[in-house]
Amino acid sequence: MTLRRKAALSFTFAALLATSGAALAAGDLTLKPTELKPLELGLGNAGYGVSETKYNLETGKAYSLELSSTGKKECAWQAPEFFKSIFLRKVEVEEVEVKAVALTEIEFEKEGEAELFFVPIKPGTFAWYCKGMEERGMKGEFIVK
């Protein structure tokens, strides 16, 4: 490769880096999460109600979501495609912090709560639900732009 061609490639690469600055983040994206409205599961007399059905999120922004269950119904809370599209910082349950790279479900066998800390990294619409109770209304979605 000639010196002139190497210089042209270096210049092209530098120009690409300079114009793609919007894709580069400055600082820790996980700090100062935005608190979402808490998601309460098992509301109403029958215990199949939920407090929220839609969450609008943005990629690259940190969030915290408090999940709680009344204990009226067991709930295996799942959001498989959403879990694949986020950076999971941690899950807090009572006085315990769980730091893991992936999440499959949060199971509420009785009354309790957990808090998720995460950053969405992929846009899309992702379903969440209590496994087996979707038809009874225990479902919703995360809309990530």
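From a predicted model like this one, the values you see are computed outputs, not experimental measurements.

**Student:** An account of the packing of aromatic side chains is needed here, citing residue identities and associated values.
**Tutor:** The description of two aromatic rings rests on the distance between their centres and on the angle between their planes. Per the stated rule, a full pass over the model turns up 8 aromatic pairs. Ring centres of W77 and F142 lie 6.4 Å apart, and the angle between their planes is 85°; this geometry places the pair in the edge-to-face category. Note that W77 is positioned in strand β6 (residues 75-78) and F142 in strand β12 (residues 139-144), a separation of 65 residues in sequence. Judged by its relative accessible area of 0%, W77 is buried. Look at F142 and you get buried, because its relative accessible area is 0%.

**Student:** So what's going on with a negative patch on the surface? Residues and values would help.
**Tutor:** On the surface, E94, E95, E111 and E113 cluster together into a patch of negative charge. Structurally, E111 is set in the loop between β9 (106-108) and β10 (112-120). In this structure E111 comes out as exposed when scored by relative accessible area, which is 63%.

**Student:** Just give me the short version of the pairing of β6, but keep the residues and values in it.
**Tutor:** The alternating pattern of β6 places C75 and W77 on one face and A76 and Q78 on the opposite face, and all of these are buried. For β6 and β9, the ladder comprises 3 bridges, and the chain directions are antiparallel. When the sheet's bridge partners are listed, C75 is paired in β9 with F108. With 2 bridges connecting them, β6 and strand β11 (residues 124-130) associate as antiparallel partners. Residue pairing for β11: Q78 is matched across the bridge by Y129.

**Student:** Before we move on, can you summarise the sheet that holds strand β4 (residues 54-57) with the specific residues and values?
**Tutor:** Strand order in this open sheet of 5 strands is β4-β12-β11-β6-β9, and the pairing throughout is mixed. Of all the strands in the sheet, the pair left with one neighbour each is β4 and β9. Across the sheet, the mean angle from the axis of one strand to that of its neighbour is 15°, orientation sign disregarded. As defined by bridge partners, β11 adjoins β12 across 6 bridges and the pair is classed as antiparallel. If you follow G124 over to β12, its bridge partner there is V144.

About the cut-offs
- Residues numbered from 1 in each chain as written.
- Predicted model: local features only at pLDDT ≥ 70, side-chain atom pairs only at ≥ 80, totals over all residues.
- Heavy atoms only, no water.
- Phe/Tyr/Trp six-rings, centres within 6.5 Å; stacked < 30°, edge-to-face > 60°.
- Helix = DSSP H or I, 4+ residues; strand = E, 2+ residues; numbered from the N terminus.
- Buried < 20%, exposed > 50% of the residue type's maximum accessible area, 1.4 Å probe, protein only.
- Patch = residues over 30% accessible without salt bridge, like charges linked within 9 Å, V, L, I, M, F, W, Y side chains within 5 Å.
- Areas by Shrake-Rupley, 256 points an atom, 1.4 Å probe, with all protein chains shown as cover.
- Salt bridge = Lys/Arg side-chain N within 4 Å of Asp/Glu carboxyl O.
- Lys, Arg positive; Asp, Glu negative; His and termini not counted.
- Charge placed at Lys NZ, Arg CZ, Asp CG, Glu CD.
- Pairing = 2+ DSSP bridges.
- Axes fitted to C-alpha atoms, helices over the stretch in contact; angles between N-to-C directions.

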